Amino acid sequence: MYSSRSSAVCASLSLALLASVAGQLWAQGDVKSSPTSTFQSPAAAFAQWSKTNEVAQRPAALAYLQALAANPKDNPANASAACTQLVKIYTQEKAYDKVVQVCAAQLAFEKDPATVVAVSISLADAAAVIGDTAKAAQTLETILDNFPSPANFAVIWPKLTALYSTQPDKLVALCAKRLASERDPQALYSIASSLSSAYSMAGDHSNAAKTLDACLEKNRTLISTSNAVAFARRLASIYSEKLNQPQDAVIVLDRELKALPAGSASQQAELLFVKAQVLSLNLKNLAAAEETYRKILELGAQTPATSLCDTYLNLAQILNDTNRRDKAAELLIDALKKNIGLTPSIVTQKLIDLDPGNKCLEQAMWALREKIADQLAIAGAVDVYQPDIVRLLIKM
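Because the structure is predicted, anything quoted here is derived from the model rather than measured.

The rules behind the values
Residues numbered from 1 in each chain as written. Predicted model: local features only at pLDDT ≥ 70, side-chain atom pairs only at ≥ 80, totals over all residues. Heavy atoms only, no water. Helix = DSSP H or I, 4+ residues; strand = E, 2+ residues; numbered from the N terminus. Buried < 20%, exposed > 50% of the residue type's maximum accessible area, 1.4 Å probe, protein only. Contact = heavy atoms within 4.5 Å. Areas by Shrake-Rupley, 256 points an atom, 1.4 Å probe, with all protein chains shown as cover. Core = buried A, V, L, I, M, F, W, Y, C linked by side-chain atoms within 4.5 Å. Salt bridge = Lys/Arg side-chain N within 4 Å of Asp/Glu carboxyl O. Expected span 1.5 Å × (residues − 1). Axes fitted to C-alpha atoms, helices over the stretch in contact; angles between N-to-C directions. Parallel < 35°, antiparallel > 145°, perpendicular 65-115°, else oblique. pLDDT = per-residue confidence, 0-100.

## Re the overall build of the protein chain
Helix and strand counts for the protein chain come out as 20 helices and 0 strands. Scored against the burial criterion, the 396 residues of the protein chain give a buried share of 45%. Considering only contacts in the protein chain between residues 6 or more positions apart, those separated by 24 or more positions represent 55%. For the protein chain, the accessible surface area stands at approximately 19500 Å², while carbon and sulfur atoms represent 53% of it.

## What to know about the nonpolar core
Ranked by size, the top nonpolar core spans 111 residues in total, and within it Y90, W157, L160 and F231 carry the most contacts. Ignoring sequence-local partners within four residues, the contact set of L160 consists of A137, L140, E141, L144 and L174.

## Describing the pattern of salt bridges
This model, assessed by the stated rule, comprises 13 salt bridges. We note a salt bridge from E141 to R178, for which the minimum N-O separation is 3.0 Å. With a gap of 37 residues between them, E141 in helix α7 (residues 133-146) and R178 in helix α9 (residues 168-179) connect regions that are remote in the sequence. In this pair, the class of E141 matches that of R178, namely buried. Salt-bridge contacts for R220 lead to E256; the nearest nitrogen and oxygen are separated by 2.7 Å.

## What to know about helix α6 (residues 113-129)
The end-to-end C-alpha separation of α6 is 24 Å, in line with the 24 Å expected for 17 residues at 1.5 Å each. For α6, the set of buried residues is V116, V117, V119, S120, I121, L123, A124, A126 and A127. Close packing links the buried residues of α6 with α5 (96-107), α7 and α8 (150-163). Backbone geometry just after α6 places G131 at a positive phi near 90 degrees.

## Notes on the packing of α7 against α9
At their nearest, the axes of α7 and α9 sit 13 Å apart, and the two run at 10 degrees to each other. Compared by their axis directions, α7 and α9 come out roughly parallel. Where α7 abuts α9, its residues E141, L144 and D145 lie against L174, K177 and R178.

## Observations concerning the confidence of the model for the protein chain
With 81% of its residues at a pLDDT of 70 or more, the protein chain shows a mean pLDDT of 83. Here residues 8-13 is a poorly scored stretch, pLDDT under 50, and it has 3 contacts once near neighbours within four places are set aside; other chains count. Low pLDDT, under 50, characterises residues 18-36; the predicted model gives this stretch 32 contacts beyond four residues in sequence or across chains.

## Let's talk about unusual backbone geometry
Despite not being glycine, N244 has its phi angle at roughly 55 degrees, a positive value. Mapped onto the secondary structure, N244 falls in the loop between α12 (225-242) and α13 (246-259).

## Quick look at the environment of F46
Position of F46 among the secondary structure elements: in helix α2 (residues 42-50). On the accessibility criterion, F46 (14% relative accessible area) is buried. The spacing of F46 and R58 is 12 residues in sequence and 8.8 Å in space, taken between C-alpha atoms. Look past the residues within four positions of F46 in its chain and what remains in contact with it is Q85, K88, I89 and Q92.

This is the structure we're talking about:
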């Protein structure tokens, strides 16, 4: 139940309104009996209301449900069930103002925590539809305050931030308030992420970076490794792309690489790849970028397939750009032989673009022929490498 006095007053008014409407419907000529004895249960009333071939019975079903909902003292369980069915009816009719009224009335007497949360979400959703952002936000925040749990946060937080998707100032205020007291690891990550995004939305990239940085430093033992890596990647992007401070991006990445726990080779490769890109694309330090890419190759099979493929291609480009075309070709042929996941056509095209000479192209062709033999021996599969061999032969 809500303890707020204003909420209680609104709920009382909603109950009174339900009772009044129920009485008016019962007084109509097409509702012949007492609305509280017309149907066996709220579910039966809703089922009757839903029958499209018996529309004349709808006023009776509606009156029955409203009468039950307006008298929770007589039978709280029936009143709760009636409210549930009324919300279904009003939602189908797109009468979202009435959904808000019914939910507010139910919250005045409902005691089951799970039901209170569900009804509150329905109220907030309906309030958002009719443009009452303040009521929707207040309702959702009340859930977070009164029923804190990772499960509730996972449902409520996206709804709450969506309300302020075009109001970064309000989103900043909301996130800053909740970040100060939050201790749940996933919630910390989500709130800090939302706060950083809100600053970026407002064009304040400096505070966007400071938010992520502060969260990493203050909550390093709480935030998971994967979330810390995600923050580090975002920080590097903000520093290098938005603030034109690529050197700060490298500093952050080096710091987070040192902070990785043992057994984090995959995350290490991920951060090294970002670092290599900043070094090559933003700082134009190809020597440092090459060294970083080679560290990724040293991790071998522990490197995510996507990062490993791009590492081979990017390193080959650096070798070519620094007048080591033969080394670039050798690297790509090595990638073909090791079957690291690169699509052969991509490697073939890269080799053709490098134009390293017939000797290297012939080595690539034989590497592909070996793949054909392996493929046919293992699965008798259709030769998918022949087109690339033909392309190499044409180039030669």
